[in-house]
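This is what each chain is made of:
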Amino acid sequence: MPELPEVVVTLRGVSPHIVGKRVVSVAVREARLRWPVPEELPALLCGQALLEGRQRGKYLLFRFAEGHLMIHLGMSGSLRIVRPDTPVGKHDHVDITFADGTVLRYTDPRRFGTIQWLVDAPEQHPLLCHLGPEPFAEAFSGDYLYQASRGRKVPVKQFLMDNKVVVGVGNIYANESLFRSGIRPTVAAGKVSRARFGVLAEQVREVLARAIEQGGTTLRDFVGGDGKPGYFKQQLYVYGRGGENCLQCGALLREVRQGQRATVYCPGCQR
DNA sequence: CCCAAGACCTGGCGGC
DNA sequence: TGCCGCCAGGTCTTGG
């Protein structure tokens, strides 16, 4: 899925086409996502104007007068703007049509994503209330990571991917930011020094920012809100490169599994 | 509380 | 060409 950069790119891509517009119809062709799409969604949305779009971690939040539409893209989801006459594909599960004919289309082959309607403040929702800081917020710093990690035995990579620690860092960007920081992914989070966490916090922001600039990372099916793929893949140092040579030192990149996810690192550059 | 593993899905790929 | 197992951007749930 989309990690933070892909979510941000999606939000930026779709927002200009839908903010300020009124919903006239909602088509739910497949409600079986991670949790069922509410049956009342069409009735809830129709007639309301979309007031604002924002993002919290990997969740997209669209504010309406009466509540928020919350969308998560799971592993394979995408959201984009299509013309009203665009043919419907097998995995195009939901369409939200606005008064001027603009269609916001949700596509998700694996159906790990979710679409929910929130009546109360999003921050209080069970899925959002325990989330850690946004990586670009001031609260996310080396000192914060250092404090949060004391006594923790989990490998630092899994620590970094924990949404209670910081949101938005998934498998691609965890691998990449650890490489850029020279930190071995397998070391216990509690053993990483304050100084190294300082570097890591900086590199997390750096790698996410660069990826956003490039329109995200497209591995197979990600497309931004305008239907275009992202180009950050060309700048990946380690993700998907196990067994190949390190672009920095030439050593063979090592691939291991951590928490059922592929981890790739350079045994020379990351210690 | 902390941590590891299982669960949820479809589709693409490599190997035989 | 066909079938089989493995892998994939996430994260909630369960069990120790």
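All of these numbers come straight from a predicted model, not from anything done at the bench. (Residues numbered from 1 in each chain as written. Chains lettered and ligands numbered in written order. Predicted model: local features only at pLDDT ≥ 70, side-chain atom pairs only at ≥ 80, totals over all residues. Heavy atoms only, no water.)

A few words on the side chain of Thr 218. As for its placement among the helices and strands, Thr 218 is situated in the loop between helix H6 (194-213) and strand S9 (254-258). There is a polar contact of 2.5 Å between the side chain of Thr 218 and the backbone nitrogen of Gly 230. In this structure, Thr 218 is in contact with Pro 229, Gly 230 and Lys 233, ignoring residues within four places of it in sequence. (Helix = DSSP H or I, 4+ residues; strand = E, 2+ residues; numbered from the N terminus. Polar contact = N/O pair within 3.5 Å; in protein donor to acceptor, adjacent residues only side chain to side chain. Contact = heavy atoms within 4.5 Å.)

For an α-helix, the turn length of 3.6 residues means that residues three or four places apart are oriented alike. The end-to-end C-alpha distance of H6, which contains 20 residues, comes to 29 Å, matching closely the 28 Å that a straight helix rising 1.5 Å per residue would cover. If you check which residues of H6 are buried, you get Phe 197, Leu 200, Ala 201, Gln 203, Val 204, Val 207, Leu 208, Ala 209, Ala 211 and Ile 212. The secondary structure elements touched by the buried residues of H6 are helix H1 (4-18), helix H3 (142-149), helix H4 (156-160) and helix H5 (171-181). (Expected span 1.5 Å × (residues − 1). Buried < 20%, exposed > 50% of the residue type's maximum accessible area, 1.4 Å probe, protein only.)

Attention shifts here to the packing of aromatic side chains. The final tally for this structure, using the stated rule, is four aromatic pairs. Ring geometry for Tyr 173 versus Phe 232: centroids 5.9 Å apart, planes at 45 degrees, classification tilted. You can see Tyr 173 sitting in helix H5 and its partner Phe 232 sitting in the loop between H6 and S9, a full 59 residues away along the chain. Residues Tyr 173 and Phe 232 agree in their burial class; the two are buried. (Phe/Tyr/Trp six-rings, centres within 6.5 Å; stacked < 30°, edge-to-face > 60°.)

Let's shift gears to the pattern of salt bridges. As enumerated under the stated definition, the model contains 14 salt bridges in all. With a shortest N-O distance of 3.7 Å, Lys 164 and Asp 162 are connected by a salt bridge. On the basis of relative accessibility, which here comes to 57%, the residue Lys 164 falls in the exposed class. (Salt bridge = Lys/Arg side-chain N within 4 Å of Asp/Glu carboxyl O.)

Before going further, it helps to spend a moment on the side chain of His 68. Relative to the helices and strands, His 68 is located in strand S4 (residues 67-72). Polar contacts involving the side chain of His 68 include one to the side chain of Arg 54, which spans 3.4 Å.

Once that is clear, we can look at the sheet that holds strand S1 (residues 23-28). Taken in spatial order, the four strands make up an open sheet running S1-S6-S7-S5, and their pairing is antiparallel. Looking along the sheet, the strands with just one partner apiece sit at the ends: S1 and strand S5 (78-82). The average undirected angle you get between the axes of adjacent strands in this sheet is 15 degrees. Here strand S6 (residues 92-98) pairs with strand S7 (residues 103-107) via five bridges, running antiparallel. Of the residues in S7, the one forming a bridge with Thr 97 is Val 103. (Pairing = 2+ DSSP bridges. Axes fitted to C-alpha atoms, helices over the stretch in contact; angles between N-to-C directions.)

To continue, consider the domain arrangement of chain A. You can read the domains of chain A as domain 1 (4-124) and domain 2 (142-265). In this assembly, 19 residues from domain 1 lie in contact with 18 residues from domain 2. Buried surface at the junction of domain 1 and domain 2, summed over both partners, amounts to about 1400 Å²; 68% is from carbon and sulfur atoms. By the criterion of area lost to domain 2, the three top residues of domain 1 are Pro 5, Glu 6 and Val 9, representing 36% of everything that side buries. (Domains from an automatic or database assignment. Buried area = accessible area lost by both parts, 1.4 Å probe.)

Take H5 next. With ten of eleven residues buried, H5 lies mostly within the body of the structure. Considered for burial, the residues of H5 that qualify are Asn 171, Ile 172, Tyr 173, Ala 174, Asn 175, Glu 176, Ser 177, Leu 178, Phe 179 and Ser 181. Looking at the packing, one finds that the buried side of H5 touches H1, H4, H6 and strand S10 (261-265). Taken from the residues just after H5, Gly 182 is the one with a positive phi, measuring 70 degrees.

Attention now goes to the protein's contact with DNA strand B. In the region of DNA strand B, the neighbouring residues are Lys 90, His 91, Pro 109, Arg 110, Arg 111, Phe 112, Arg 152, Lys 153, Val 154, Gln 158 and Gln 260. Taking all atoms of DNA strand B within 4 Å of the protein, the share assigned to sugar and phosphate is 59%. Between Pro 109 and DNA strand B, the recorded distance is 3.3 Å, taken from a backbone N or O atom to a sugar or linking oxygen. Here a phosphate oxygen of DNA strand B sits 2.3 Å away from a polar atom, N or O, in the side chain of Arg 152. When grouped by side-chain class, the residues that make up the surface near DNA strand B number three nonpolar, three polar and five charged. (Near = heavy atom within 4 Å. Nonpolar A, V, L, I, M, F, W, Y, C, P; charged D, E, K, R; others polar.)

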